[in-house]
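# Coordinate inspection notes
The residues making up each chain are set out below.
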Amino acid sequence: METTDGRRAHTAPLVLVLFGAPGVGKGTQAQILAEKLGIAHLSTGDAFRKAIAAQTEVGKQVQRYVESGALVPDELVSQTVAEELQKPQYRSGVVLDGFPRTIAQAQALEKMLRNLGMSLTAVINLVVPEEVIIDRLVKRGRKDDQPEIIRHRLEIYHKETAPLLHYYQTHSTIPVITIDGNADIDTVNQRILSAIKSRIHSDAQQ
Ligand code: ADP
């Protein structure tokens, strides 16, 4: 939402995308951030794992992708997110975690936010060295955290998801804020919060 002179209105809901490779800590940070900012948290990975556990229609459709570390097809992901974002709990803002992951998903997101009268505030790009990521994931030990599947997910990240950053930097005015995620949870959280505050504050003064 924009004011008449093009500035972001102070009341516009925050819509943040937490971006980064598997294992950078998106889920952990998204949850803390959503709590501190008083907005909703939407993790597509969590949503899919729940759907698989409950064996819903969506769960059955996504199971083989999630368990092999492949991306769920864009249309299915975007449809799931679009339905979810209709719910009233997202009206005051949301931290998106694990979505968008492809350029097609980014375009779908733009459209669904526009339909809701909302817009993306910023993309937060969490960066952690690959050897740290692999170590973290192996320790986490989720079903898709076996070395071969981790390698596959990292490969997909570099091929399909990383180009999104360039897309946001070149095709939009949405700020991309890069944060060093190689520190303890609280430190990383402080870094993200202060970056958001200074960014939004300086935007409001432009
Ligand atoms: P991580 O970031 O550690 O890979 P996530 O919980 O975000 O973990 O995602 C787990 C899996 O869920 C992915 O490997 C993929 O199969 C599926 N998934 C989640 N979000 C998306 C998305 N936006 N597009 C396609 N697949 C997705």
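Residues numbered from 1 in each chain as written. Predicted model: local features only at pLDDT ≥ 70, side-chain atom pairs only at ≥ 80, totals over all residues. Heavy atoms only, no water.

## Re the site of the ligand
Stated formally: We define proximity as follows: a residue is near a molecule or strand when any one of its heavy atoms falls within 4 Å of that partner. Here a polar contact means two N or O atoms within 3.5 Å. Within protein one must be a hydrogen donor candidate and the other an acceptor candidate, and residues neighboring in sequence count only if both atoms are side-chain atoms. Residue burial considers only the protein chains on display, and all accessible areas are found by Shrake-Rupley using a 1.4 Å probe. Strands here are runs of E lasting at least two residues and helices are runs of H or I lasting at least four, both read from the DSSP assignment and numbered beginning at the N terminus. The nonpolar class holds Ala, Val, Leu, Ile, Met, Phe, Trp, Tyr, Cys and Pro. Asp, Glu, Lys and Arg form the charged class, and all remaining residues, Gly among them, are polar.
Neighbouring residues of the ligand: 20 residues in total, closest Thr 44, Arg 49, Ala 70, Gly 98 and Gln 105. In this structure, Val 72 approaches the ligand through a main-chain N or O atom, which is 3.0 Å from a nitrogen atom. For the ligand, the accessible surface in isolation is 540 Å², of which the surrounding protein chains cover 96%. Elements that contribute at least two residues to the shell around the ligand include exactly α2 (44-53) and α3 (57-68). The biggest single contributor to the shell around the ligand is α2, with four residues. When grouped by side-chain class, the residues that make up the shell around the ligand number nine nonpolar, five polar and six charged.

## Observations concerning helix α8 (residues 163-171)
Cut-off, in case you're wondering: Classification of residues uses two cut-offs on accessible area relative to the type maximum, computed with a 1.4 Å probe and protein chains only: under 20% is buried, over 50% is exposed, and between them is partly exposed. As used here, the arc is the angular range of directions from the helix axis to the C-beta atoms. Residue contacts are defined here by distance: any two heavy atoms, one from each residue, within 4.5 Å place the two residues in contact.
Those residues of α8 lying buried are Leu 164, Leu 165, Tyr 167 and Tyr 168. Down the axis of α8, the buried set is contained in an arc of 160°. They therefore lie on one face. Looking at the buried side of α8, the elements it contacts are β1 (14-19), α5 (103-115), β4 (122-127), α7 (147-161) and β5 (176-180).

## A short note on the sheet that holds β4
Strand pairing in a sheet relies on backbone hydrogen bonds. The paired strands run either parallel or antiparallel. For clarity, the threshold we go by: Pairing between two strands is assigned when DSSP locates at least 2 bridges connecting them. To get an axis, a line is fitted to the C-alpha atoms, and for a helix only the part in contact is used. The angle between two axes follows their N-to-C directions and goes from 0 to 180 degrees.
An order of β2-β3-β1-β4-β5 is seen for the five strands of this open sheet, with the pairing classed as parallel. Looking along the sheet, the strands with just one partner apiece sit at the ends: β2 (40-43) and β5. If you compare each strand with its neighbour and ignore which way they point, the axes differ by 20° on average. Sheet analysis places β1 next to β4, joined by four bridges and oriented parallel. Residue pairing across strands places Val 17 opposite Val 123, the latter belonging to β4. Relative to the sheet, α8 contacts β1, β4 and β5, its axis offset from that of β5 by approximately 135°.

## Considering the nonpolar core
The condition is simple: Residues belong to one nonpolar core when they are buried, are Ala, Val, Leu, Ile, Met, Phe, Trp, Tyr or Cys, and are joined through side-chain atoms within 4.5 Å.
Among the nonpolar cores identified, the biggest contains 59 residues, and Leu 85, Leu 109, Leu 120 and Tyr 168 are the most heavily contacted of them. Take this core: its biggest share by element is six residues, from β1. In this view, Leu 85 contacts Leu 42, Tyr 90, Val 94, Leu 109, Met 112, Leu 113 and Leu 116; residues no more than four positions away in its chain are not counted.

## Things to note about the environment of His 152
With respect to the element layout, His 152 can be found in helix α7. Under the relative-accessibility criterion, His 152 is labelled partly exposed at 31%. Residues His 152 and Val 24, spaced 128 residues apart in sequence, show a C-alpha to C-alpha distance of 16 Å. Residue contacts for His 152: discarding those within four places in its chain leaves Ser 68, Gly 69 and Ala 70.

## Observations concerning the environment of Leu 154
Along the polypeptide, Leu 154 turns up in helix α7. Spatially, the C-alpha atoms of Leu 154 and Val 15 are 26 Å apart, while their sequence positions differ by 139 residues. Residue contacts for Leu 154: discarding those within four places in its chain leaves Ala 21, Pro 22, Glu 130, Ile 133 and Ile 134.

## Remarks on the pairing of β4
By the criterion of burial, β4 is predominantly enclosed, with five of the six residues buried. Of the strand pairs in this sheet, β4 and β5 are connected by five bridges, and their pairing is parallel. Considered in β5, the bridge of Val 127 is made with Asp 180.

## Points about α3
Buried within α3 we find Gly 59, Val 62, Tyr 65 and Val 66. All buried residues of α3 fall inside an arc of 135° around its axis, so they share one side. Those residues of α3 hidden inside the fold are in contact with α2 and α4 (74-85).

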